[in-house]
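Per-entry structural report
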Amino acid sequence: MKPDVEIYDTTLRDGSQGEGINFSVADKLRVAEKLDAFGLHYIEGGWPGSNPKDIEFFAQAKRRRFKRARLAAFGSTRRKQVAIESDDQVRLLLEAGTPVVTIFGKTWLLHVQEVLGTTPEENLAMIGDTVRFLKDHGKFVIYDAEHAFDGFKDDPEYALATWEAAEHAGADIVTLCDTNGGSLPAEVARITAAAKGKLTCRIGIHTHNDIGLGVANALAALEVGARHVQGTINGYGERTGNCNLTSVIPNVALKLKKTCVPASSLAKLRELSQFVDEIANFRHDPRQPWVGATAFAHKGGMHVNAVQKVARSFEHIDPARVGNRRRVLVSDLAGRSNIVMKAQELGFPITHDTPELKAILGRIKELEHLGYEFEAAEASLALLIRKILKHEEPPFRVDTYHVSMRRDSEESVVEATVKVRVGDQVAHTVAEGDGPVNALDSALRAALLRFFPHIKKVRLTDYKVRILESSTGTAARTRVLIETSDGKDEWGTVGVNENIIEASLQALVDSVEYALMRK
Ligand SMILES: [Zn+2]
């Protein structure tokens with residue numbers, strides 16, 4: 001059954017134009033497989049005419065089977081005054097061996113005359129020839145109308161003529177592109193409706209986010225009859241990025257209530273978003289709508305109380321529908337409700353009547369006053385609650401430690417020594433590292449590994465330092481946030497001290513203790 005709206009992903013082509021993104025061929029293949037498994041309809045793999053890496057990607061992709069998605073190669077209409085058969089860039093599009101080919105062509109006379117340096121008639125011929133040639137070779141052809149909205153505003157008649165040239169030549173989809181990303185939703189709706197009145201083929205929309213309206217513009221087009229939307233995961237792309245599919249997909253499914261990806265995929269949206277960030281080597285944006293860590297986070301006593309009573313009252317959807325979850329932020333603003341809800345979320349059977357609640361609240365406030373911050377350090381918070389609730393001894397103690405650094409003309413060496421006590425046994429280890437924290441981390445792990453071999457997989461994945469403002473008469477304090485992973489889950493821990501090494505050790509100890517507590 002055809003969905004109401006088809007999703008066309010261009011993370012691997014338009015998205016890879018974004019600053020700081022550099023996908024290898026292997027990365028591209030992994031992303032493509034993930035997008036296919038998620039149930040997207042089209043995956044644009046690259047522009048074979050623009051670089052050898054994309055040619056290599058298509059060569060390797062030919063040997064893979066995609067379950068749902070159809071792979072698309074991207075390119076442009078033929079060059080001016082060149083016979084289609086002798087255009088190398090078009091030949092490479094065929095050689096990519098994809099079922100779908102997407103080509104872009106000019107809508108805007110300004111571009112035709114000033115940038116291409118050709119006549120309006122030759123531009124129409126370039127569009128028609130290229131679409132026809134690809135259709136003759138059995139391709140499903142998507143025509144991307146570059147600068148569709150700016151072109152239409154300049155000369156509606158000519159803009160329509162270019163789109164009709166593509167349709168008459170057999171294009172399966174004509175996609176209107178807001179290439180400069182500066183259009184408003186009402187303009188996009190009006191011009192898309194005009195195209196819909198003239199064309200019989202499926203209409204697509206491709207927007208950019210230059211004025212923060214990439215997603216809004218795509219939805220505006222879908223509401224007036226476009227049925228195909230192009231964008232990128234997490235909104236990657238040049239300048240401020242492309243239309244963010246991570247927002248478009250749930251908006252189409254849950255707000256416009258149209259069918260697009262398989263219903264079961266929606267709950268994997270957050271995972272997909274994180275996966276692509278991981279491959280691109282970006283930190284996942286906590287403020288990203290729908291899938292960010294703070295998208296359903298609540299802070300402030302009154303409000304949290306209400307969320308707890310009626311989730312619907314403060315949340316536009318159930319976070320689980322997009323694979324996200326409700327989080328309660330613990331902060332100075334927090335009342336008892338926050339702590340109770342947070343503790344329950346962390347798996348502790350706490351209610352408003354738990355006698356230890358007062359002590360837990362008191363301890364959190366005390367630590368926050370010293371500069372601790374638990375929002376990104378839920379593991380440290382879980383340990384704190386556990387200690388007060390269960391009155392247990394910690395699994396290990398650091399008796400003493402020592403860090404030293406030496407530098408001569410050849411090299412610099414940092415060394416850490418740690419003496420750890422587990423029950424009545426003691427381990428004493430020394431390790432070198434790239435820096436003091438790395439050395440300390442290695443020494444601590446080496447000492448603990450003989451008692452707890454399963455922490456072998458646990459590793460430090462991120463480390464952040466912030467200098468806290470000092471009040472008059474006191475030394476500035478340092479807050480260290482550490483992120484740790486065991487390959488499956490990730491957790492954050494925190495340490496605060498005037499001394500950065502001491503703060504780091506606190507966070508490191510929490511990180512390992514949490515690993516032991518969860519095993
Ligand atoms: Zn684009």
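Residues numbered from 1 in each chain as written. Predicted model: local features only at pLDDT ≥ 70, side-chain atom pairs only at ≥ 80, totals over all residues. Heavy atoms only, no water.

Okay, the coordination of the zinc ion next. A four-donor tetrahedral metal ideally has 109.5 degree angles, and a six-donor octahedral metal ideally has angles of 90 or 180 degrees. All of the protein donors around the zinc ion are Asp-14 (OD), His-206 (NE2) and His-208 (NE2); their distances to the metal are 2.0 to 2.2 Å. Of note, the zinc ion draws all its donor residues from one chain, in the sequence arrangement D-x191-H-x1-H. When sorted by exposure, His-206 lands in the same class as His-208, which is buried. (Donors = N, O, S within 2.8 Å, 3.2 Å for Na, K, Ca; no water. Buried < 20%, exposed > 50% of the residue type's maximum accessible area, 1.4 Å probe, protein only.)

A few words now on the pattern of salt bridges. Per the counting criterion, the structure on display carries 30 salt bridges. For the salt bridge of Arg-479 with Glu-373, the shortest nitrogen-to-oxygen distance reads 3.9 Å. Of this pair, Arg-479 sits in strand 15 (residues 477–485) while Glu-373 sits in the loop between helix 14 (357–370) and helix 15 (378–390); the two residues are 106 residues apart in sequence, bridging distant segments of the chain. Assessed through its relative accessible area of 10%, Arg-479 is described here as buried. For Glu-373, a relative accessible area of 25% puts it in the partly exposed group. For Glu-513, the salt bridge is made with Lys-387, and the minimal N-O distance between the two is 3.5 Å. (Salt bridge = Lys/Arg side-chain N within 4 Å of Asp/Glu carboxyl O. Helix = DSSP H or I, 4+ residues; strand = E, 2+ residues; numbered from the N terminus.)

This brings us to the sheet that holds strand 15. The strands making up a sheet associate through hydrogen bonds between their backbones, and the pairing can be parallel or antiparallel. The strand order 14-15-16 describes an open sheet built from three strands, whose pairing is antiparallel. Two strands bound the open sheet, and with one partner strand each, they are strand 14 (459–468) and strand 16 (490–497). Put simply, the sheet's adjacent strands are angled 20° from each other on average, direction ignored. (Pairing = 2+ DSSP bridges. Axes fitted to C-alpha atoms, helices over the stretch in contact; angles between N-to-C directions.)

All right, on to the packing of helix 1 (residues 25–38) against helix 2 (residues 52–61) then. At a minimum axis separation of 9 Å, helix 1 and helix 2 run at an interaxial angle of 50°. It follows that helix 1 is oblique to helix 2 by the angle criterion. Like other packed secondary-structure pairs, helix 1 and helix 2 cross with a definite hand, here right-handed. Only Lys-53, Asp-54, Glu-56, Phe-57, Gln-60 and Ala-61 of helix 2 make contact with helix 1, whose side of the interface consists of Val-25, Lys-28, Leu-29 and Ala-32. When the residues that make up the contact of helix 1 with helix 2 are grouped by side-chain class, the tally is five nonpolar, one polar and four charged. (Parallel < 35°, antiparallel > 145°, perpendicular 65-115°, else oblique. Left-handed = near helix turned anticlockwise from the far one by under 90°. Contact = heavy atoms within 4.5 Å. Nonpolar A, V, L, I, M, F, W, Y, C, P; charged D, E, K, R; others polar.)

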